[in-house]
Amino acid sequence: MRLGGWVHRRRDLGGIVFIDLRDRAGIVQIAVGPGAPEEVRRVAGQVTSETVVEVEGDVTARPASMKNPDLATGDVEVQATTLTVVGPAATPAIPVARGKGEELAAEELRLKYRHLDLRRPEMQANLILRHRLAQRARRTLSDLGFLEIETPVLTKPTPEGARDYLVPSRVHPGEFYALPQSPQLYKQLLMVAGLDRYFQIARCFRDEDLRNDRQPEFTQIDLEASFVGVEDVIGYVEAVLVALWDEAGQAVARPFPRIAWRDAMERYGTDKPDLRYDFPIADWTAQVKPLGVPFFQSALGNGARVRGLAVKGGGALSRKDVDQLADAAKQLGGAGLAWVKRQGEQVSGSVAKYFTATALGALGVGDGDAGLMTVGLDRVTSPVMDRVRQEVIHRLGGAPKAAHAFCWVVDFPLFEPDPETGRPVFAHHPFTAPHPDDVARLDSDPLGCRALHYDAVYNGSELGSGSIRITDPAVQRRVFAHLGMSPAEAEARFGFLLSGLQAGAPPHGGFAIGFDRVVMALAGAESMRDVIAFPKTTAARALFEGAPAPANPADLAALHIEVKR
Ligand code: ASP
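What you are looking at is a predicted structure, and each value in this text was computed from that prediction instead of being measured. (Residues numbered from 1 in each chain as written. Predicted model: local features only at pLDDT ≥ 70, side-chain atom pairs only at ≥ 80, totals over all residues. Heavy atoms only, no water.)

### Here's the deal with the sheet that holds strand β22 (residues 508-514)
And step 1. Pairing within the open sheet is mixed, and its eight strands lie in the order β6-β9-β10-β22-β21-β20-β17-β11. On the outer flanks of this sheet lie β6 (147-148) and β11 (258-260), each paired with one strand and no other.
And step 2. Pairing between β11 and strand β17 (residues 406-410): three bridges, direction parallel. Looking at the pairing, Arg-258 lines up with Trp-408 of β17. (Pairing = 2+ DSSP bridges. Helix = DSSP H or I, 4+ residues; strand = E, 2+ residues; numbered from the N terminus.)

Structure below.
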């Protein structure tokens, strides 16, 4: 038998040297005993960690006492007859083999020495899973009649609400390409072109301020289909998601439950509700108002409401927990958090003297439970109560009702008011069709229009978004106008789409599944960076190769660019 791999660990027991040889498939033990050829013993005696070696030898059963049930190959070992160093290794900057309980190297180092970090079996398992999921997505969509078609990376801006990465053109001074925020317009034009069903595992680029689970470049399973409605697209996406979960050995049932955006905001304060736990936020205004609680009284009126959470077993929240919840609420600009706990007939807490046990019972706060509440306009109380609910889940945990809580959030608004100017800005992207029942109100009440937009949510995180698209160029122009674009500007930016829509556009719609997030969920990874081979840091830097980096003055000159410091 011939093997090649990396020296994971070496144990020298005097008479016999064991080498754990590692490759993508796992680890096997190489034994170099007193009977091995002298050259083999010499190499085994000095070979260091992470050196690449080639081994020839015979596979033998390990003596019963030497078997290792933790290792797939733990019943056997290879008695080396040759051992050759083919890739000597400098002392690794970060360890690859780790003892039990040994911490990982700091993430900066892991990202800098990515070739070493990627040697870790956990990271290899993540990338192997990622590969399998990508193949399964391809197969599933291809079987459903979708064609895999590549769209350009040097594009005209495709607005998805973020800033574009721009690429200067050398041959056209002063002109720029944009890296795609998504293949949105191209896939729509493919539908206009009659390609009917498209998909792509597409790299997308968004120049955003980074958060922990965002990457400036990320991957979507992007799809679009013609002659479809909401139900069809939801069906395709469910088929893909169920297949992906199946690929990872997880059975999930279809159809996923649906919740209207308005209800999600009302009951969970967010458009990505974590339905593994089902204690919803409720409107307590009517019950609480007559109690004359000063904390609420001054804030009520002008559309403000009291919103509360009845927390089962919330009596277990410590004073410190409650204070931290209140701080979190304050940070989000809320009025803060009022709280009560109920123990039999006893009520304690910040507003205890206004509540009887019976009044709390009527709000769903039973014996041993807590009631948490805040007051204000929905735009403030929704994020506050969402955060409070998540914190409570985090602190009290408990067994979730379900391990995989998928849902569809539907009937999103078409526009949202810009928090600063109050002007409509698009909620999904400007190509999303208004709900047919609301088109008539597009001009009179744009903010009241619902959209044919749906999001897939899994355990409280958004897995993807999609919509049925506008195909009537006149409606598309009206939407552009609501977003503050003059007809000339709309023509300059989106003329190619408008002319496509005038050329005979089939009804169409689609979706994009955030692939990195799916892999992260299925790998059980804590960071998106653990499922991407070469990710960027949260500061959008590639530490391995050192990007971004200053450009050569001659290159800048050729691009007609001068850098201002
Ligand atoms: N282009 C959208 C996005 O990237 C997805 C879609 O509407 O199909 O979120």
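### Considering the nonpolar core
And step 1. Of all hydrophobic cores here, the largest spans 52 residues; its most connected members are Leu-241, Leu-244, Trp-245, Trp-408 and Phe-511.
And step 2. For this core, the element with the highest residue contribution is helix α6 (residues 230-247), accounting for nine residues.
And step 3. Ignoring sequence-local partners within four residues, the contact set of Trp-408 consists of Ile-234, Val-237, Glu-238, Phe-256, Pro-257, Arg-258, Ile-259, Tyr-454, Asp-455, Ala-456 and Phe-511.
And step 4. Of all hydrophobic cores here, the second largest spans 19 residues; its members include Tyr-277, Phe-279, Val-322 and Val-392. (Core = buried A, V, L, I, M, F, W, Y, C linked by side-chain atoms within 4.5 Å. Buried < 20%, exposed > 50% of the residue type's maximum accessible area, 1.4 Å probe, protein only. Contact = heavy atoms within 4.5 Å.)

### Overview of the packing of aromatic side chains
And step 1. Scanning all chains against the criterion turns up 14 aromatic pairs.
And step 2. With a centroid separation of 4.4 Å and 15 degrees between ring planes, the pair formed by Phe-256 and Phe-406 is classed as stacked. Placement of Phe-256 in the loop between α6 and β11 and of Phe-406 in strand β17 is noted, with a sequence separation of 150 residues between them.
And step 3. The exposure class assigned to Phe-256 is buried, which follows from its relative accessible area of 4%.
And step 4. When its relative accessible area of 5% is taken as the criterion, Phe-406 is described as buried.
And step 5. Where Phe-534 meets Phe-544, the ring centres are 5.6 Å apart and the plane angle is 35 degrees; that geometry is what we call tilted. Separated by ten residues along the polypeptide, Phe-534 in the loop between α15 (515-523) and α16 (553-558) and Phe-544 in the loop between α15 and α16 bring together distant segments of the chain. (Phe/Tyr/Trp six-rings, centres within 6.5 Å; stacked < 30°, edge-to-face > 60°.)

### So, the site of the ligand
And step 1. Looking at the ligand, there are 14 residues lining it, with Glu-160, Gln-184, Lys-187, His-429 and Arg-469 nearest.
And step 2. One nitrogen or oxygen atom from the side chain of His-428 is found 2.9 Å from an oxygen atom belonging to the ligand.
And step 3. The separation between an oxygen atom of the ligand and a polar side-chain atom of Arg-469 is 2.6 Å.
And step 4. Protein chains bury 95% of the 270 Å² of accessible surface belonging to the ligand in isolation.
And step 5. Those elements that provide at least two residues to the shell around the ligand are α5 (184-192), β21 (461-468) and β22.
And step 6. For the shell around the ligand, the leading source of residues is β22, giving three residues.
And step 7. The residue makeup of the shell around the ligand, split by class, is two nonpolar, eight polar and four charged. (Near = heavy atom within 4 Å. Polar contact = N/O pair within 3.5 Å; in protein donor to acceptor, adjacent residues only side chain to side chain. Areas by Shrake-Rupley, 256 points an atom, 1.4 Å probe, with all protein chains shown as cover. Nonpolar A, V, L, I, M, F, W, Y, C, P; charged D, E, K, R; others polar.)

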